[in-house]
Structures are given as C-alpha cells and as structure tokens.
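What follows is the residue order along each chain.
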Amino acid sequence: MQRIGVFVCHCGSNIAATVDVKKVVEMVAMEPGVVHAEDYQYMCSEAGQAKIAEAVKEKNLTGIVVCSCSPRMHENTFRTAAKRAGINPYMVEIANIREHCSWIHKNVEEATEKAVILARAAIAKVNLNAPLFPGESRVTKRALVIGGGIAGIQTALDIADAGYEVDIVEKTPSIGGRMSQLDKTFPTLDCSACILTPKMVEAAAHEKITIYTYSEVEKVSGFVGDFTVDIRKKARSVDANKCTGCGVCQEKCPSKKAPSEFNRGLNTRSAIYTPFAQAIPNVPVIDRDACIKFKTGKCGVCEKVCQAGAIDYTQQDEIVTQKYGAIVVATGFDTIKLDNYDEYAYNQSKDVITSLELERIMNAAGPTKGHLERLSDGKHPHEIVFVQCVGSRCSDNRGKSYCSKICCMYTAKHAMLIRDKYPDVNVTVFYIDVRTPGKNFDEFYRRAVEEYGVNYVKGQVGKVIPQPNGKLLVQGSDLLDNKQIFKEADMVVLATAIEPEASVRQIATMLTASIDTNNFLTEAHPKLRPVESPTAGVFLSGVCQGPKDIPETVAQAGAAAVKAIGLLAKDKLTTNPCTAKADELMCNGCSTCANVCPYGAISYEEKEVNDHGIRETRRIAVVNNALCQGCGACTVTCPSGAMDLQGFSNRQIIAEVDAICR
Amino acid sequence: MSINNEEFRPKIVAFCCNWCSYAGADLAGSSRLAYPADVKIIRVPCSCRVNPMFILRAFEKGADGVIICGCHPGDCHYSTGNYYARRRMTLLFSMLDYMGVENGRTRVEWVSAAEGVKFSQTMNEFVEKIHSLGENVRLGDLRCKN
Ligand SMILES: Cc1cc2nc3c(=O)[nH]c(=O)nc-3n(C[C@H](O)[C@H](O)[C@H](O)COP(=O)(O)OP(=O)(O)OC[C@H]3O[C@@H](n4cnc5c(N)ncnc54)[C@H](O)[C@@H]3O)c2cc1C
Ligand code: SF4
Ligand code: SF4
Ligand code: FES
C-alpha cells in the first residue's frame, strides 16, 4: 500500500474562489492510501514545495498527488520537488483542478464536487504507480536547419558562432529566401540585398556551416539528441567543385523561356540558371524540364562553352545521411493563390499584381529593371490602387482567418517609395484597419500619409473591372464618408495573404511536430515556449511558426538558436521512462505490436522463460527504451494483453475510470 | 454531496491525448470557456492509448457517455496514433450501438491545442446529447448505479 500525501493548491484565488479547498482536503483524506492532506496558497512556490518535503519526511510518503493547475504547467516542478524530497519523481500525479475545473465552472458546490472526483482519480492512479527511472541518451553535437531564408541563415550563424556544426538544407538553388526578393525594407527603407547578402556570404564562409542547396530532407528518424536524417541533394547537372560561376552557360543557353521563379514568373530565365546574381552558392543548376539536351538529346551548348568542364548531364541525385542533435525548422512562407478571388481580376489583367510581384518590379534586377511600368503595355502608370487584406482576416473559407501582419507596413512602404520616386503617380490604399504595432511603425505609416500624400481610404474593394481602354475600374466603398467609390486605375496591387510554405506539412510529419489548422507550426507553449516545438529537439524559426517581419524573424531565429545550443551543450539527455514493456509470460511473439510502432522500437528476442515451472525458450517482444516514445499504440493492439505502458498502464487508467464513475 | 437528486447528472469520461486535446482543454480553461462539470478528463499520451477495454469499463461502472479526443488526422504527435484510434473506435462504437449503447453516447473528436473554443463547444454539445438520451442502462453493472 502506498502512503500518499495530497496537496491542494489555492492558486491565490484562481482555484480557491470556485473550489472549496478545505472541503477537498477533508474529502480526499478518507481515500485509500492517503495518509496526509493539506491545502496551501501557492503549491508551486518555494514554501509550497517545502511543505511537500516536510510531509514526505514526517509521514514517510511514497506517493504524491498535487491538486493544482495543468500538469503541462507544473508537472516538472512537482516531480523535481519530489526528487529533492527523496521520492521517485514518477510517484507524483497531478489533478488538474484549475484549467479543467475552477476556471470553467461557476457553481462552487459543483466545482468542489468535480475537484474531489479529479483528486480521487489521481489518488487511485498513484496507488498503482511504480518508481520509474529515466535512461540516458547521447547528444550528437550537430544541428540541422531546414530552410535557408533569413530565419535559417541567422539561426545557423548563431549556432555556428557558439562552436557547433550546422547544416542548412535549402530546397531552391540558393539560400536567401523571400528577403532576397524584396527591394527595400520597412521601417528603415534600407535595401534588402545590402543587408542580406553579407549574411549569406558569412554563412557560406563559416567553417562550421555546411550548406546543401537544391536539396530536401527526405527522411528523419531517431529522437532528440540523436536524429538521423537523409538529405536528398538533387542533381544540379553542374559539378560544384569545378564551376567557377562565370555565367557563360546561362548567357549562351538557347532555352530561355522558363518562367523565372525568383521574379514570380514575370519574366523568363534560361534552362541553366542561378536564381539571382548574388546567389549562394554561385553555381547554376540545369532545370531538366526546360533543358533541350534533356528533352531531345540535342544541344549540349553549355557543356561546350563551359571552360571549367563543370557541366555533367549524367549527375544523379545523391542521398547524404547525417546525424543531428537538434533540428530547427525555418521553412518560411509563400503568398496564397488568388484563384478564389476572381473579383480582383488578377488572372484577367497583367496590371493587377501582388505586392511580392511589385517588389520585383521595383527592384533594379527585376523584370522591368526597377522602372515602375504596367506589365501589359510597358506604360508608366499615373493612378495606382493598393488593396489591403486580400485573403487575410477572411470570415469565409476562401482565404485565411488570420492577419498576415506584414502587409500594412509593406504597403505603406510601397506607397511611399512610389510617391518618392514618381511624384506624378497618385496612390490610393483601400484598407480595413491599418495595423502598425511595432517600433517606429506608426510613425512610418503617418509619414506615408502626411509627407507623401498617400490617399488612405477606409473600406474594401468589391470589384476590379478591366476596361476596354486598358484601365482598371476599381469599385470600392468609403466607410468613413459612407459612399461608393469608382476609381480608374492603371495598376492594382493586392496585399496578398501569406501562408506557410506548402512543404511544411511533410516536414512536420517527418519530424512528428504539430501544425495548426493554418499549417503554421505549433509551439510547445504559445507564451512560455514560443520557439520550441512540442516535439523535443525540434525548434521553430521565422514565418513557419506565424506571420512575422524581418526584425521579428531575426529575433526568433536567435532565440531558436539559443534553445538548440542549450541542447547541444549537453553531453547526455535523460529519456522519458514512460515506455512500453511486454509481459514475458503473456507475449506470444505474434509481431502485431511491432507493426504498429511508429518508431520501430519493438524487436523480438528468443528468451528463456519460466512459465509457472515450465522452462522454455520463447520468442518475445522487446522494447528499445531509447526509441520508444510512449504513444501506447502497441499496448492496445496486442491481442494477448501482454504489452503495457509504464506510467499509463491499463490498471492505472482503469483505476482512474473507476474513480470517475464511482 | 449531490447537488440535486431529482436532476439527471450524467457521468462523462473524456480521454484526451496529451499533445493536442489535453492542451486544447487547458486552453478552454485559461480562456474561461465553460462546459458542464459532468465531464471529467483522463490524460493519455495519445488517442491510440485508449483501449476499448477502458470504454467498456466506463460503461460498466455507470458512465453515461465516453468521448475520445485526439489531434487532427495527420497531426498526431506520434504521426499515426489517431488513425489507429479512429479505426478501433469506429468498430467499437458500432458494436456498442448493436448492444444498445447508442452511438450518441460515444464520440471521437479531433481537437488541436489551439482549439479551446472547439473543445468547450464539443463538450457542451456532447453533454446535451447525453441529456437527451438519458441515463445509460445498458452494460452497466447494476451494483454501480445508485
Ligand atoms: C511583399 C512582401 C514585402 C515584405 N517587406 C518586408 C519589409 O519591408 N520589411 C520586413 O521586415 N519584412 C518584410 N516582409 C516579410 C519578410 O519577407 C519575412 O519576414 C521574411 O522573409 C521571413 O523569413 P523566413 O526565413 O522565415 O522565411 P522565407 O524567407 O520564406 O525563407 C524560407 C526558406 O526556406 C526554404 N524552404 C521552404 N521549404 C523548404 C523545405 N521543405 N526544405 C528546404 N528548404 C525549404 C525556402 O525556399 C526559403 O528559402 C515582406 C514580405 C512580403 C511578402
Ligand atoms: S509505446 Fe508506442 S513508441 Fe513505444 S513501443 Fe509501443 S508503439 Fe512503439
Ligand atoms: S502484440 Fe503482444 S503478444 Fe504480440 S508480440 Fe507484441 S507484445 Fe507479444
Ligand atoms: S498524440 Fe494526439 S492523437 Fe496521437
């Protein structure tokens, strides 16, 4: 029989206001196994933890139940307290009487009754708890960063500067991400390339950083501290060791009609290409779908012109297998497709563009060499209309329910830059709200209105109608003056919602990291652990976690790096002891369990058993504690009831069920 | 300690996976989104840890409804756990229905860590449903009903 102490927390008034804690103490004291029960203001405080230690000593406790906030909050705190007091940390259970009780119920009698029942369930469980002992696993002192945008680059630099090896895996031919596509950046208006390129160069030159571009993560196995990852290096068709980056091949390539991804398809590129002039590495790739040699077998011009002899049409994809202690996801974002938004005529008119396309148009290296012109006829525009929140803050399922956060600011930036360079162009912005909560952000927006005379109209655009004369009729509303507006524009720019990069779903599945309904990666705790994923050893950097501008992305990238460094700095990790275990006498070696284990943790051994005096060798399931993550899939699938999960055993859960249904 | 002996106070067991639904329930709590106190949550590592045996046991011991909550398909912390749970429960629930424990008394719901609102709504709906079905008389060990 256990000797259990029950500690009921008031949590100030958070619990005590709705739950009669004295009554709970009185009721639980009568439960089997309970030898001590008390209540206290704040159990998690120093003094509260001291009370636990005291009771353990005085009453010789073997088990502890804390009735308090969620175990997701303080399970660790109380386990550590138990350990200090000299009992096994896994002899502690928590009854969640705050989040699951006092905070959601109003009636004191009802809430108190429920708190007692939850406490009873925890007591019933502790009665069946057994001490568990975490194992140890080693930490590979190397980090993987998936995604080479500004987030990935910054995280990699910070980890590398702390002295650890880092690999960046970037799926496009160059690192840089979306930031490399931007022209100028708010709120300072410095040129994006001027601040990004040095960082790219630094990462490439860093002795601790290895960059795999044109590569993807193919397979992930293992766990925190000891991940094994297969990286697919796609065939570049160019030998990176020989290529000098002279660029002759790109000039001479006769196939020049492939849409340029970097310029958002606004112009074309050659089949052999680097996405942009400052690309890192400065080694081109052959787009095999566009290459004449690959399509027809003829051509081979690049091979002929390459002085370095770097072209290799026979190159194959290569799989690199590497071990990592920590993985940082930094896969960033894309703008949403506008197929659901016919009213803006994006697919009908070349002069309706997205803001990211405008970034390319404004950029000196872009499709119009930085001249603001209409893509339909190359004419200089005089009226430009910006539409905010296209697909963001959407109440129906055509778009996204969230605010994309960066659009208000970059639209103010675009409006200002246009008015500055082309004072003859009128700029009108239709907005629902202007949101500028950032350092120097509101000042920035006000400058657009006050100094640059940008015309902000509060209201939405209902329709954009291409006119026979080539203009665009914008139909909108002005909510402040309560009137309809019809405006003839030369160009319309849509502040298109952003969404996580599509491949993040596969990445999340491989890492068993969770994502929310919008495909943003979920953090371990929205407030207290914002850069960690709930999956141990996986960290989040940049827009893959939620919409962010560059300063925020860089800050988060640094935070993710610190968390990864904290992990890599350890030599050993303790493993979760709540693992599965097969009863040797009940197991019949059927292999059913091994088939459902997502981690391949179960194998079979021929074992000598003593089954009530019958000694024989049997094939028995053995769980590898370092691999088992404790999901429990095997326990339910086992037809013999041989497999059980330590810490969440069949008997423990049934005891909880019984206590609740009593 | 019963509040009102006349009134039907259903016993409802909710199994919540640690990674999504339990966190969703925590969020419902910190957002103060009320649902009836009849619901009592049991934390399990994953929805796939829920053995049909636990559910039968609950009904045997007098539960009027059992709900299993897990991560959305594709989002299970262990990748595939909720797919197992879904299949097992589909089978179990149809068997239970056949035995007279109506389908409305059993439910599987996917609730993410961000869905406090959904958690509370689901529980409110479920409790209402159980109220409409009344006390469960099947499977129950008669000694457990008072
Ligand atoms: C039109 C527009 C204007 C903007 N203007 C500004 C501004 O003026 N100031 C400002 O502060 N912010 C601005 N932003 C926001 C800024 O672009 C982002 O904050 C920043 O780019 C986020 O960086 P990131 O590294 O998180 O994501 P990204 O830049 O998207 O980088 C992600 C990288 O990961 C790679 N990747 C994706 N999936 C995989 C995979 N599965 N495997 C390997 N690699 C992968 C991608 O190819 C990419 O290189 C603007 C955004 C837009 C759309
Ligand atoms: S509990 Fe899950 S991870 Fe552990 S052995 Fe069983 S199926 Fe595999
Ligand atoms: S499913 Fe059960 S009986 Fe079959 S091998 Fe696994 S533990 Fe043994
Ligand atoms: S962890 Fe939530 S369903 Fe598997």
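Our subject is the structure that appears above.
My aim in this report is to walk through the structure given alongside it, one point at a time. (Residues numbered from 1 in each chain as written. Chains lettered and ligands numbered in written order. Predicted model: local features only at pLDDT ≥ 70, side-chain atom pairs only at ≥ 80, totals over all residues. Heavy atoms only, no water.)

## Considerations on helix α1 (residues 21-28) of chain A
All names here are of chain A.
Working step 1: The complete set of buried residues in α1 reads Val21, Val24, Val25, Met27 and Val28. Buried residues of α1, seen end-on, are gathered within an arc of 165° and therefore sit on one face of the element.
Working step 2: Against the buried residues of α1 lie β1 (4-9), β2 (34-40) and α5 (108-126). (Buried < 20%, exposed > 50% of the residue type's maximum accessible area, 1.4 Å probe, protein only. Helix = DSSP H or I, 4+ residues; strand = E, 2+ residues; numbered from the N terminus. Arc of directions from axis to C-beta. Contact = heavy atoms within 4.5 Å.)

## A word on the nonpolar core
Working step 1: Met643(A), Phe15(B) and Ile55(B) are the most contacted members of the largest nonpolar core, which totals 51 residues.
Working step 2: One finds Val24(A), Ala55(A), Leu61(A) and Ala119(A) within the second-largest nonpolar core, a separate group that totals 39 residues. (Core = buried A, V, L, I, M, F, W, Y, C linked by side-chain atoms within 4.5 Å.)

## Some thoughts on the site of ligand 2
Working step 1: The full set of residues close to ligand 2 is Ala580(A), Cys597(A), Tyr599(A), Ile602(A), Val623(A), Cys628(A), Gln629(A), Gly630(A), Cys631(A), Gly632(A), Cys634(A) and Leu645(A).
Working step 2: Residue composition of the shell around ligand 2, by class: nine nonpolar, three polar and no charged. (Near = heavy atom within 4 Å. Nonpolar A, V, L, I, M, F, W, Y, C, P; charged D, E, K, R; others polar.)

## Concerning the interface of chain B and chain A
Working step 1: With 50 residues of chain B at the contact, the number on the chain A side is 53 residues.
Working step 2: Across the chain B to chain A interface the summed buried area is about 4600 Å²; carbon plus sulfur atoms make up 62%.
Working step 3: Put simply, chain B and chain A have five salt bridges between them.
Working step 4: With its nearest N and O atoms 3.2 Å apart, the salt bridge here joins Asp644(A) to Arg49(B).
Working step 5: Counting every contact that joins chain B to chain A gives 17 residue pairs in polar contact (both at pLDDT 80 or more).
Working step 6: Mapped onto the side of chain B that touches chain A, the elements with two or more residues apiece are β1 (12-17), α1 (21-30), β2 (39-44), α2 (52-60) and α3 (81-98) of chain B.
Working step 7: Residue composition of the side of chain B that touches chain A, grouped by class: 30 nonpolar, eight polar and 12 charged. (Buried area = accessible area lost by both parts, 1.4 Å probe. Salt bridge = Lys/Arg side-chain N within 4 Å of Asp/Glu carboxyl O. Polar contact = N/O pair within 3.5 Å; in protein donor to acceptor, adjacent residues only side chain to side chain.)

## Description of the sheet that holds β2(A)
Residue and element names in this part refer to chain A.
Working step 1: Overall, parallel pairing links the four strands, which are arranged β2-β1-β3-β4 in an open sheet. The strands lining the two open edges of the sheet, one partner per strand, are β2 and β4 (92-96). The sheet shows a mean angle of 15° between the axes of neighbouring strands, direction not considered.
Working step 2: Bridging between β1 and β2 involves six bridges; their strand directions are parallel. The residue bridging Ile4 from the neighbouring strand is Val34, located in β2.
Working step 3: Relative to the sheet, α1 contacts β1 and β2, its axis offset from that of β2 by approximately 175°.
Working step 4: Lying over the sheet, helix α3 (residues 71-85) contacts β3 (63-68) and β4, oriented at roughly 150° with respect to β4. (Pairing = 2+ DSSP bridges. Axes fitted to C-alpha atoms, helices over the stretch in contact; angles between N-to-C directions.)

## So, a nonpolar patch on the surface
Working step 1: A cluster of nonpolar side chains, Met95(B), Tyr98(B), Met99(B) and Leu139(B), forms an exposed patch at the surface whose accessible area comes to about 420 Å².
Working step 2: On the basis of relative accessible area, Met95(B) is assigned to the partly exposed category, the value being 38%. (Patch = residues over 30% accessible without salt bridge, like charges linked within 9 Å, V, L, I, M, F, W, Y side chains within 5 Å. Areas by Shrake-Rupley, 256 points an atom, 1.4 Å probe, with all protein chains shown as cover.)

## Examining the state of the cysteines
Here a disulfide denotes one covalent bond, and it connects the sulfur atoms of two cysteines.
All names here are of chain A.
Working step 1: Per the stated rule, a full pass over the model turns up one disulfide over all chains.
Working step 2: Put simply, Cys191 and Cys194 are joined by a disulfide, and their sulfur atoms are 2.1 Å apart. Taking the torsion about the S-S bond as the criterion, the Cys191 to Cys194 disulfide, at about 90°, is right-handed.
Working step 3: The exposure class assigned to Cys194 is exposed, which follows from its relative accessible area of 51%.
Working step 4: The closest cysteine sulfur to the non-disulfide-bonded Cys253 is located on Cys299, 6.4 Å from its own sulfur.
Working step 5: Note on Cys253: relative accessible area 9%, which makes it buried.
Working step 6: Cys407 takes part in no disulfide bond, and the closest cysteine sulfur to it belongs to Cys403, at a distance of 6.7 Å. (Disulfide = S-S within 2.5 Å.)

## Overview of the packing of helix α11 (residues 355-362) of chain A against helix α12 (residues 407-421) of chain A
Residues and elements named next belong to chain A.
Working step 1: At a minimum axis distance of 11 Å, the contact between α11 and α12 shows a crossing angle of 35°. As α11 packs across α12, the resulting crossing turns out to be left-handed. Residues Ser355, Leu358, Glu359 and Met362 of α11 lie in contact with α12, whose contacting residues are Tyr410, Lys413, His414, Leu417 and Ile418.
Working step 2: Here the residues of the contact of α11 with α12 are counted per class, giving five nonpolar, two polar and two charged. (Left-handed = near helix turned anticlockwise from the far one by under 90°.)

## Here's the deal with the environment of Lys23(A)
Residues and elements named next belong to chain A.
Working step 1: Tracing the backbone through its elements, the reader meets Lys23 in helix α1.
Working step 2: Accessibility expressed as a relative area gives 28% for Lys23, which makes it partly exposed.
Working step 3: Separated by 92 residues in the primary sequence, Lys23 and Ala115 place their C-alpha atoms 9.8 Å from one another.

Taken by themselves, the reported measurements are silent on function.
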